[in-house]
Amino acid sequence: MRIESWINIIFILLGFAGGLVFQKIKAIMSLRSAEDTAKMLLQEAEREAESTKREAILEAKEEALRIKNDLEKEIRDRRNDIQRLEKRVLQKEENIDRKTEILERKEENLNKKETDLERQRLQLGELQQQRREELEKISGLTVDQAKDILFDELEKELSQEMAVRVRDYEVKIKDEADKKARDIISTSIQRYAADHVAETTVSVVALPNDEMKGRIIGREGRNIRALETLTGIDLIIDDTPEAVILSGFDPVRREVARLALERLIADGRIHPARIEEMVEKARKEVETVIKEEGEQTAIEVGIPGLHPELIRLLGRLRYRTSYGQNVLKHSIEVAHLAGLIAAELGADVNIAKRAGLLHDIGKAIDHEVEGSHVTIGADIAKKYRESAAIIHAIAAHHGDIEPNTVEAALVQAADAISAARPGARRETLESYIKRLEKLEKIADSFDGVEKAYAIQAGREIRIMVKPEKVNDSAAAYISREIAKKIESELDYPGQIKVMVIREIRAVEYAK
């Protein structure tokens, strides 16, 4: 049993050893087969690489040959182009040489002609000098003397002729312009007619009885002092029955004082505290009225988009006057007249109306800011971003600057029309007489004036000239110069007509 077991073990070991040997032999055979396969693959790859190399070399040679052929063709083409360009350059050089020769020949001819002309010029100068000397001997005058005489005669003749022509043209232009202007202005005024109410610098407050005067004055005058201090208006209490006069040049303050006094009289309680309360209420009421009046004016004239401050200033014009004419009504009239005339002439109606309404806006604050109302008005319009055309029309409406737009000229004309209408304005007798005297004095200051008369309430001045000193042409000149001097030295509403009269009378007696 033990022998058999060992025999089995031995056979098992032999079988295992044989298996290992078989596996090793099999592995050796597989390795040899793989090496053979690898060698075959390597040889095949070498053959393919050699074939690819030969093909690449062939392709490269073919590409190099093609490039070479292309380059040779391009070189041939460029060589041909260069040859053509060389031919053209040679032709141009030949043409330039020919032209140069032609120019040289022309230059020689010009030099010859120039020499001939210089010689002829010298000869002509000698001939002119000889003739001048002969003329001087014949006339007995030098050249300068003859020129002076000739120029003097020409100046006299031309000045006379120019004066006559200027007078004829002025007459013709004035006739045509006056006719056209009368048509346009009459049409505009017919389409717009406004009532004018004269304003004053005083207001009268009616009293229920004369006993109320004592209450207004108060104990030791405390009531009247309080009212005058708060309003800035003088209260005149005199012998006028049942009336108190409010005097002041600020119409807004005067209106505040009037309203406050009327309420105090109606209330019956008059003392400083009550006066202060009523004045404050009246001031607020006036401010409300000013705002409403400005808004109503803008609506009435048809001017949209006005700045609120401009509307307030327009409302303040309701309490302003100029020569007794209400400034707000005057501004409304100027706006309508300017718009109507602009429509007749084909100008911008909106600009004309807007500038006409705002042209006197500076009068709303002329006592608060230094400067004329024209300058102040232009600054206000600029401040509140009005257009350049509006600003220019405001600045030019009194002739401080020359109007360079049609609308500015129309505003100037409409302002003059509104101010010059009979009854539109009034002034004190003293200033009126002084203006007439100064008007006649300006006319009398000119040489040749015999007598001057201011007529038509200062709207016209007639000047009699001495006929032996002033001819017809000089009469036109004198009228123009007098008008310029009046414009520069005299302040007046509207316009003044200057008429120069030259009259010759021949008198003889039959005996």
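See the structure printed just above.
Below or above, wherever it landed, is the structure these notes cover. The numbers attached to residues start from 1 for each chain and follow its sequence in the written order. Note on the predicted model: pLDDT of at least 70 is required for a residue's local features to be given, and 80 or more for side-chain atom pairs to be given and counted; whole-chain, interface and lining totals, by contrast, use all residues. Working from all heavy atoms in the structure, the side-chain values ignore hydrogens and water.

### Considerations on the packing of helix H10 (residues 373–383) against helix H11 (residues 388–396)
Phase 1: Here, axes are lines fitted to C-alpha atoms. For helices the fit covers the stretch in contact, and angles between N-to-C directions go from 0 to 180 degrees. Each helix is a run of DSSP H or I of at least 4 residues and each strand a run of E of at least 2, with the numbering of both proceeding from the N terminus. Relative to each other, H10 and H11 sit at 170°, their axes nearing to 8 Å. In terms of orientation, H10 and H11 fall into the roughly antiparallel class. Two secondary-structure elements touch here, H10 through Val374, Gly377, Ala378, Ala381 and Lys382 and H11 through Ile391, Ile394 and Ala395.
Phase 2: Partitioned by chemical class, the residues of the contact of H10 with H11 number six nonpolar, one polar and one charged. Here the word oblique covers every angle except those under 35 degrees (roughly parallel), over 145 (roughly antiparallel) and from 65 to 115 (roughly perpendicular). Pairs of residues are marked as contacts when any of their non-hydrogen atoms sit within 4.5 Å. All amino acids are sorted into three groups, where Ala, Val, Leu, Ile, Met, Phe, Trp, Tyr, Cys and Pro are nonpolar, Asp, Glu, Lys and Arg are charged, and the leftover types, Gly among them, are polar.

### Overview of unusual backbone geometry
Trans peptide bonds make up most of the peptide bonds, and negative phi angles are found at most residues other than glycine.
Phase 1: A positive phi is found at Glu220, a non-glycine position, where the angle reads about 55°.
Phase 2: Along the polypeptide, Glu220 turns up in the loop between helix H3 (211–217) and helix H4 (222–231).
Phase 3: To sort residues, take the accessible area from a 1.4 Å probe on protein chains only and compare it with the maximum for the residue type: under 20% means buried, over 50% means exposed, and anything in between is partly exposed. The exposed category is assigned to Glu220, whose relative accessible area is 72%.
Phase 4: A positive phi is found at Arg385, a non-glycine position, where the angle reads about 60°.
Phase 5: Counting through the fold element by element, Arg385 comes out in the loop between H10 and H11.

### As for the sheet that holds strand E6 (residues 449–455)
Phase 1: Two strands pair if DSSP finds at least two bridges between them. The three strands are arranged E6-E7-E8 in an open sheet whose pairing can be described as mixed. Only two strands of the sheet have a single partner each, and these edge strands are E6 and strand E8 (497–502). With strand direction ignored, the average angle separating the axes of adjacent strands in the sheet is 20°.
Phase 2: Where E6 meets strand E7 (residues 460–465), six bridges bridge the pair, whose relative direction is antiparallel. Bridged to Tyr453 within E7 is Arg462.

### Remarks on the environment of Leu246
Phase 1: Relative to the helices and strands, Leu246 resides in strand E3 (residues 243–247).
Phase 2: Linking Leu246 and Ala257, residues eleven residues apart in sequence, is a C-alpha distance of 7.6 Å.

### Examining the pattern of salt bridges
Side-chain pairing between opposite charges can occur once the charged atoms of the two side chains come close.
Phase 1: Take a side-chain nitrogen of Lys or Arg and a carboxyl oxygen of Asp or Glu: if they are within 4 Å of each other, that pair is a salt bridge. In this structure the tally under the stated criterion is 23 salt bridges.
Phase 2: Across the pair Arg47 and Glu44 runs a salt bridge whose closest N-O atoms are separated by 2.2 Å. Of the two residues, Arg47 and Glu44 are both situated in helix H1 (residues 2–139); the distance of three residues between them amounts to about one turn of the helix.
Phase 3: Taking the relative accessible area as the measure of exposure, Arg47 reaches 47% and is therefore partly exposed.
Phase 4: Between Arg258 and Glu262 there is a salt bridge, and its shortest N-O distance comes to 2.9 Å.

### A short note on the side chain of His397
Phase 1: Assignment of secondary structure puts His397 in the loop between H11 and helix H12 (406–420).
Phase 2: As used in this structure description, the phrase polar contact means that two N or O atoms lie within 3.5 Å; if the pair is within protein, one of them must be able to donate a hydrogen and the other to accept it, and residues adjacent in sequence are counted only when both atoms belong to side chains. In terms of polar contacts, His397 uses its side chain to reach the side chain of His373, at 3.4 Å.
Phase 3: A distance of 3.5 Å separates a polar atom in the side chain of His397 from a polar atom in the side chain of His398.
Phase 4: Residue contacts for His397: discarding those within four places in its chain leaves His359, Asp360, His373, Val374, Val411, Gln412 and Asp415.

### Topic: the nonpolar core
Phase 1: In this structure, Leu306, Leu314, Leu317, Leu357, Leu358, Ile361 and Ile380 are the most contacted members of the largest nonpolar core, which totals 40 residues.
Phase 2: Elements with a minimum of two residues in this core: helix H6 (272–301), helix H7 (308–316), helix H8 (327–345), helix H9 (349–358), H10, H11 and H12.
Phase 3: In terms of residues, this core owes the most to one element, H8, which gives nine residues.
Phase 4: When neighbours within four sequence positions are excluded, Leu358 is seen to be in contact with Leu306, Leu314, Glu386, Ile390 and Ile394.
Phase 5: Ile224, Leu235, Leu259 and Ile270 belong to the second-largest nonpolar core, a separate cluster that totals 27 residues. Within this scheme, the nonpolar core is defined by two criteria: the residues are buried Ala, Val, Leu, Ile, Met, Phe, Trp, Tyr or Cys, and they are joined through side-chain atoms within 4.5 Å.

### Notes on H6
Phase 1: Counted at 1.5 Å a residue, the expected span for H6 with its 30 residues is 44 Å, and the 43 Å between its end C-alpha atoms agrees.
Phase 2: Listed in full, the buried residues belonging to H6 are Arg274, Ile275, Met278, Val279, Ala282, Val286, Ile290, Gly294, Thr297, Ala298 and Val301.
Phase 3: On its buried face, H6 is in contact with H4, helix H5 (251–267), H7, H8 and H9.
Phase 4: With its phi angle positive at about 85°, Gly302 sits one or two positions after the end of H6. Here the expected length of a helix is defined as 1.5 Å per residue gap, with one fewer gap than residues.

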